[in-house]
Amino acid sequence: MTIKTINATGPADTRAQQRTARRHTLGLLFAVGVLGVTAHAPTLAQANAAQGKQEIRIGYQKYGTLTLLKGRGTLEQRLASKNITVKWTEFPAGPQLLEGLNVGSVDFGTVGEAPPIFAQAAGANLVYVGNEPPSPASEAIVVPKSSTVRSVADLKGKKIALNKGSNVHYLLVKALEKAGVAYKDVQVIYLPPADARAAFERGSVDAWVIWDPFLAAAEKQIGARVLADGKGLVNNYQFYLAARPYAEKNQDTVRIVLEEIAKVDEWGAANPKDVAAILSTQTGLENEVVALAASRYAYGVKPISAGVLAQQQQVADAFAHLKLIPKPIAVKEAQLAPSQVAKK
């Protein structure tokens, strides 16, 4: 005899249970969906915020007002309200900085007179946006303290180290010209500052053409003797440049940066001891070294002018004449059109 097990519920009850199960399943799916959206909501909000956040990438060197601006942090405070952050990148010299600007790793930076000439001749898409006043004493030709070289004329046939395409490159050209020595009659050794100092100290070169604070460090630390500085020879402007695409699209940001530089200039001129303290922290150099370098600074940033660009053209023509750049250039082409210059 077979015994059948009979369910305690009938057909109607079974359909009701199935409907309940389906509602429960849909409820679970809905809950998971809601939780999923909720869980992702902060991430989406963060992504939207990140899209709205901008960044200006600034290249700087161990000298000048940008180092002070970085040390004081005032630019970050000013740009924070516009949701713009600042990324600082240090470069050993101007040519390397402008190479970074040309390849798109920085948007804005500061260099001396010669680097923009070499960069523009190489096709870099940059624009001049401002400059500090001339500072001719901030660069010099130095020799070891025991050197028998007593004048620039004595450099004929000697080995001279410098960073190719840096502001000091033009200083050497003009110093040799004034002394009646042909550029081809000296042996120019192209080395960045750290390597040049090492060569200078071990006697591998007879002279070194260098700028502050490396110049001040050579004077204070190893007794390097100044053979000639830039006075009466060069202006030694400190230029502010930007990648053209960045400057054209971010005119207001560039204007703000220049305004903050002007404020730091005004503060720096009135507070030399504080300047030295900040520079010492930022560069890792002794206070007496940076104090000497800072004493030769020139403060007072101005928008780039036709007159300054005309003086830059003289630098470009000199380099083209010596075939130090591949072709002649028109410096005025490296500026924003009047209609693109931001107004306050």
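Counting from 1, residues in each chain are numbered in the order their sequence is written. Predicted model: local features are reported for residues with pLDDT of at least 70 only, side-chain atom pairs are reported and counted for 80 or more only, and whole-chain, interface and lining totals are derived from all residues. For side-chain calculations, the full set of non-hydrogen atoms in the structure is used, while hydrogens and water are omitted.

Some details on the side chain of Arg225
Within the element layout of this structure, Arg225 appears in strand β9 (residues 225-229). No salt bridge forms around the buried Arg225; measuring N to O, its nearest opposite-charge neighbour Asp154 is 7.7 Å away. A 3.5 Å cut-off defines polar contacts: any pair of N or O atoms within that distance qualifies, except that in protein one atom must be a possible hydrogen donor and the other a possible acceptor, and neighbouring residues in sequence count only when both atoms are side-chain atoms. At a separation of 3.1 Å, a polar atom in the side chain of Arg225 contacts the main-chain carbonyl oxygen of Val149. Runs of E in the DSSP output that reach at least two residues are strands. Runs of H or I that reach at least four are helices, and both are numbered from the N terminus. Each residue's exposure class comes from its accessible area (1.4 Å probe, protein chains only) as a fraction of the maximum for that residue type: buried when under 20%, exposed when over 50%, partly exposed otherwise. For the purpose of counting charges, residues Lys and Arg are taken to be positive, whereas Asp and Glu are taken to be negative. His and the chain ends are not included. Each salt bridge in this description consists of a side-chain nitrogen of Lys or Arg and a carboxyl oxygen of Asp or Glu lying within 4 Å of one another.

Regarding the sheet that holds β9
Each strand in a sheet pairs with another by means of backbone hydrogen bonds, the pair being arranged parallel or else antiparallel. Strand order in the open sheet made by the five strands is β7-β6-β8-β5-β9, with mixed pairing throughout. Here the strands that pair on one side only, and so sit at the sheet edges, are β7 (187-190) and β9. Across this sheet, the average inter-strand angle for adjacent strands is 30 degrees, counted without regard to direction. Residues are treated as being in contact if the distance between any of their heavy atoms lies within 4.5 Å. To define axes, lines are fitted to C-alpha atoms, for helices over the stretch in contact only, and angles between the resulting N-to-C directions are given on a 0 to 180 degree scale. Helix-sheet contacts for helix α7 (residues 193-201) involve β5 (139-143), β6 (159-162) and β8 (207-211), and the interaxial angle to β8 is about 145 degrees. Sheet strands in contact with helix α8 (residues 214-222) are β5, β8 and β9, and its direction is about 125 degrees off that of β8. Being paired, for any two strands, means DSSP has found at least two bridges between them.

Comments concerning the pattern of salt bridges
Enumeration according to the criterion identifies 15 salt bridges in this entry. Between Lys184 and Asp185 there is a salt bridge; the shortest N-O distance is 3.5 Å. Between Arg197 and Glu201 there is a salt bridge, with its nearest N and O atoms 2.9 Å apart. Taken together, the residues Arg197 and Glu201, both in helix α7 and four residues apart, mark about one turn of the helix. Look at Arg197 and you get buried, because its relative accessible area is 19%. A cluster of three or more residues bridged by salt bridges with shared partners is formed by Arg78, Lys82, Asp252, Arg255, Glu259, Glu260 and Lys263.

Quick notes on the packing of aromatic side chains
Side-chain rings of Phe, Tyr and Trp, where Trp is taken by its six-membered ring, are said to pair if the distance between their centres is within 6.5 Å; with planes under 30 degrees apart they count as stacked, over 60 as edge-to-face, and otherwise as tilted. Summed over all chains, the structure comprises nine aromatic pairs. Ring plane angle 45 degrees and centroid distance 5.7 Å describe the contact between Phe200 and Trp208, whose orientation is recorded as tilted. Accessibility assignment for this pair places Phe200 and Trp208 in one class, buried. In this structure an aromatic cluster arises from ring pairing among Phe118, Tyr170 and Phe319.

Quick look at the pairing of strand β1 (residues 54-60)
Every other side chain in a regular strand lies on the same face of the sheet, so the side chains alternate between the two faces. Two strands pair when backbone bridges link them, and β1 and strand β2 (residues 84-90) are joined in this way by seven bridges, in the parallel orientation. In the sheet register, Gln54 faces β2, and the bridge partner there is Ile84.

A closer look at the packing of α7 against α8
Two numbers describe how α7 lies on α8: the axes approach to 12 Å, and their chain directions differ by 30 degrees. With respect to α8, the element α7 is oriented roughly parallel. For the element pair α7 and α8, the recorded crossing hand is right-handed. On α8, the residues that touch Pro193, Arg197, Phe200 and Glu201 of α7 are Phe214, Ala217, Ala218, Gln221 and Ile222. In this count, Pro and Cys sit with the nonpolar residues alongside Ala, Val, Leu, Ile, Met, Phe, Trp and Tyr, while Asp, Glu, Lys and Arg are called charged and the others, Gly among them, polar. A breakdown of the residues in the contact of α7 with α8 according to their chemical character gives six nonpolar, one polar and two charged. Roughly parallel covers angles under 35 degrees, roughly antiparallel covers those over 145, roughly perpendicular covers 65 to 115, and oblique covers all other angles. Crossing chirality is assigned from the near helix's rotation relative to the far helix, an anticlockwise turn below a right angle marking it left-handed and a clockwise turn marking it right-handed.

A short note on the confidence of the model for the protein
Confidence per residue, as judged by the predictor, is encoded in pLDDT with a range of 0 to 100. Averaged over every residue, the pLDDT of the protein is 86; the share at 70 or more is 83%. Within the model, pLDDT remains below 50 along residues 1-50, and this stretch shows three contacts once partners closer than five positions in the same chain are excluded.

A closer look at the packing of helix α4 (residues 94-103) against helix α5 (residues 114-121)
Remark: α4 packs on α5, axes separated minimally by 9 Å, with the N-to-C direction vectors making an angle of 40 degrees. With respect to each other, α4 and α5 are oriented oblique. Seen along the crossing, α4 lies across α5 with a hand that is right-handed. Contacts between α4 and α5 involve Gly94, Pro95 and Leu98 from the first element and Pro115, Pro116 and Ala119 from the second. Classifying every residue of the contact of α4 with α5 gives five nonpolar, one polar and no charged.

Brief notes about the sheet that holds strand β3 (residues 108-111)
Read from one edge to the other, the open sheet built from six strands follows the order β2-β1-β3-β10-β4-β11, with strand pairing classed as mixed. Both outer strands of the open sheet, β2 and β11 (302-303), are each paired with one neighbouring strand and no more. In this sheet, β3 lies alongside β1 in parallel orientation, the contact comprising two bridges. Residue pairing across strands places Gly59 opposite Gly109, the latter belonging to β3. The strands touched by helix α10 (residues 251-270) are β1, β2, β3, β4 (126-131) and β10 (239-243); relative to β3, the strand with the most contacts, the crossing angle is about 45 degrees.

Comments concerning α4
Of the positions making up α4, those classed as buried are Gly94, Leu97, Leu98, Gly100 and Leu101. Along the long axis of α4, the arc covered by the buried residues comes to 150 degrees, so they all point the same way. Along its buried surface, α4 packs onto β1, β3, α5, β4 and β10. Phi for Gly104, located one or two positions after α4, is positive at around 95 degrees. Note: the arc covers the axis-to-C-beta directions of the helix.

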